[in-house]
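Coordinates in review
Take a look at the letters that make up each chain.
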Amino acid sequence: EVQLVESGGGSVQAGGSLRLSCAASVFTLDNLVLGWFRQAPGKEREGVSTIVGRYGTTYYADFVKGRFIISTDNTKKTVDLQMNNLKPDDSAVYYCATGPYLAHDPKDPLTQLAMGSWGKGILVTVSS
């Protein structure tokens, strides 16, 4: 297992920004797909964004395109999610996850199944 620790959650007003960070207990991110998922109360968990560790290729769910940016820091071994123009519907517990290079489209449920390691999740609340 890869240990994942999320940080950076909190509460903001609509239109504001937050930056989430996830630290991974690995020597390198090169062989991993990393991603962020979220789950609102009473809703199913959904994929937000993924990134291929070695190449930096990014993928986004349609509802965050143009607003969120996923990135990695190979020195700090983190995967980060810059969230801009936040909306109340973005309120959720956000989970960091990682797994082997099997699936990487955040819109594909298979991507969630392929993730072998998950963080505990952090709460993001966007108020209007």
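Just so it is clear, the structure is predicted and the values come from calculations on it, not from any experiment.

A word on the nonpolar core
The biggest cluster of nonpolar side chains holds 29 residues, and the ones touching the most others in it are Leu20, Trp36, Phe68, Val79, Leu81, Met83 and Tyr94. At the level of secondary structure, the elements contributing two or more residues to this core comprise β3 (18-24), β4 (33-39), β5 (46-52), β7 (68-73), β8 (78-83), β9 (92-99) and β11 (122-127). No other element matches β3, which puts four residues into this core. In this structure, Leu81 is in contact with Leu18, Arg19, Leu20, Trp36, Val48, Ser49, Phe68, Ile69, Ile70 and Tyr94, ignoring residues within four places of it in sequence.

Quick word on the packing of aromatic side chains
Inspection of the entire model under this criterion finds two aromatic pairs. A ring pair is formed by Phe37 and Trp118, whose centres lie 5.0 Å apart and whose planes are at 50 degrees; its orientation type is tilted. Of the two residues, Phe37 is situated in strand β4 and Trp118 in strand β10 (residues 117-118); the sequence distance between them amounts to 81 residues. Since its relative accessible area comes to 0%, Phe37 is described here as buried. Overall, Trp118 belongs to the partly exposed group, its relative accessible area being 26%. Ring geometry for Tyr95 and Trp118: centres 6.5 Å apart, planes at 75 degrees, overall edge-to-face. In this pair, Tyr95 is assigned in strand β9 and Trp118 in strand β10, connecting sequence segments 23 residues apart.

Describing the sheet that holds strand β1 (residues 4-7)
Taken in spatial order, the four strands make up an open sheet running β1-β3-β8-β7, and their pairing is antiparallel. Where the open sheet ends on each side, the last strands, each with one partner, are β1 and β7. Across this sheet, the average inter-strand angle for adjacent strands is 15 degrees, counted without regard to direction. Two elements, β7 and β8, share six bridges in a ladder whose sense is antiparallel. The partner of Phe68 across the bridge, within β8, is Met83.

Observations regarding the state of the cysteines
All chains considered together, the criterion is met by one disulfide. The side chain of Cys22 participates in a disulfide bridge whose partner is Cys96; the two sulfur atoms lie 2.1 Å from each other. Because the sign of the S-S torsion sets the handedness, a value of about -80 degrees for the bond joining Cys22 and Cys96 places this disulfide among the left-handed ones. Here Cys22 is found in strand β3, whereas its partner Cys96 is found in strand β9, with 74 residues between them in sequence. Comparing Cys22 with Cys96 shows no difference in burial state: the two are buried.

Rules behind the numbers
- Numbers given for residues are sequential positions, taken from 1 along each chain in its written order.
- This being a predicted model, a pLDDT of at least 70 is required before a residue's local features are given, and a value of 80 or more before pairs of side-chain atoms are given or counted; all residues contribute to the totals for chains, interfaces and linings.
- Side-chain numbers here rest on the full set of heavy atoms in the structure, without hydrogens or water.
- Side-chain atoms within 4.5 Å are what join buried Ala, Val, Leu, Ile, Met, Phe, Trp, Tyr and Cys residues into a set we call a nonpolar core.
- Throughout, exposure labels follow a simple rule: accessible area from a 1.4 Å probe, protein chains only, divided by the maximum for the residue type, with under 20% read as buried, over 50% as exposed, and the rest as partly exposed.
- Runs of E in the DSSP output that reach at least two residues are strands. Runs of H or I that reach at least four are helices, and both are numbered from the N terminus.
- Only heavy atoms enter the contact rule, under which two residues are in contact if any of them lie within 4.5 Å.
- Aromatic rings from Phe, Tyr and Trp, with only the six-membered ring used for Trp, were paired whenever their centres fell within 6.5 Å, and each pair was classed as stacked if the ring planes differed by under 30 degrees, edge-to-face if by over 60, and tilted otherwise.
- Pairing between strands requires that DSSP locate at least two bridges from one strand to the other.
- Only the contacting stretch of a helix is used when fitting its axis, a line to C-alpha atoms as for every element, and angles between N-to-C directions run 0 to 180 degrees.
- Cysteine sulfur pairs qualify as disulfides if the two atoms are within 2.5 Å.

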